Amino acid sequence: MFRQSGCPWLAPAFLTQMVVAAAGKDWGALKEQGRKDAQAGIKAKLNKEVASRMTAAQLTESDPNGCVRGFLRRIGAALTA
């Protein structure tokens, strides 16, 4: 879904792969459970420490194509349908 929207960095697996690589580990060498655990940890950290502090101006700066806002609009539309 996210890759089709032109925002691959929104996909949790993509972001997790980047963090794992930055830590000097090989994503391909991780077993499935290790990948799931790493992804869950990244999601939790983003939710706790980043999203709650982000201002509208920061969102606009970091998301000039409006991917996040579009994603949130699609969620809102699905919830009200």
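Residues numbered from 1 in each chain as written. Predicted model: local features only at pLDDT ≥ 70, side-chain atom pairs only at ≥ 80, totals over all residues. Heavy atoms only, no water.

Asks: Would you mind showing me how to read helix 4 (residues 67-80) here?
Replies: For an α-helix the count is 3.6 residues per turn, leaving residues at separations of three or four pointing the same way. Between its first and last C-alpha, helix 4 extends 20 Å over 14 residues, near the 20 Å set by a 1.5 Å rise per residue. Of all the positions in helix 4, only Cys67, Val68 and Gly70 are classed as buried. All buried residues of helix 4 fall inside an arc of 165° around its axis, so they share one side. Residues of helix 4 that are exposed and point more than 90 degrees away from the buried face comprise Arg73, Leu79 and Thr80. In this structure, the buried side of helix 4 is in contact with helix 3 (56-62). (Helix = DSSP H or I, 4+ residues; strand = E, 2+ residues; numbered from the N terminus. Expected span 1.5 Å × (residues − 1). Buried < 20%, exposed > 50% of the residue type's maximum accessible area, 1.4 Å probe, protein only. Arc of directions from axis to C-beta. Contact = heavy atoms within 4.5 Å.)

Asks: Whenever I open this one, the environment of Met54 confuses me. Can you help?
Replies: Topologically, Met54 is positioned in the loop between helix 2 (32-50) and helix 3. On the basis of relative accessible area, Met54 is assigned to the partly exposed category, the value being 36%. In this structure, Met54 is in contact with Leu59 and Ser62, ignoring residues within four places of it in sequence.

Asks: How do you make sense of the pattern of salt bridges when you look at a structure like this?
Replies: Two side chains with opposite charge may pair up if their charged atoms get near one another. For the structure on display, the rule yields 2 salt bridges. The partner of Lys36 in a salt bridge is Glu32, and the shortest N-O contact between them spans 3.3 Å. Taken as a pair, Lys36 and Glu32 lie in helix 2 at a separation of 4 residues, close to a single helical turn. Here Glu49 makes a salt bridge to Lys45, at a shortest N to O gap of 3.4 Å. In this pair, Glu49 and Lys45 are both assigned in helix 2, 4 residues apart and thus about one turn of the helix distant. Residue class for Glu49 comes out partly exposed when judged on its relative accessible area of 34%. Under the relative-accessibility criterion, Lys45 is labelled partly exposed at 49%. (Salt bridge = Lys/Arg side-chain N within 4 Å of Asp/Glu carboxyl O.)

Asks: Would you explain the environment of Val20 in this entry?
Replies: On the secondary structure map, Val20 appears in helix 1 (residues 12-22). Residue Val20 is classed as buried on the basis of its relative accessible area, which comes to 9%. When sequence neighbours within four positions are dropped, the list of residues in contact with Val20 reads Lys25, Asp26, Trp27, Leu30 and Ala38.

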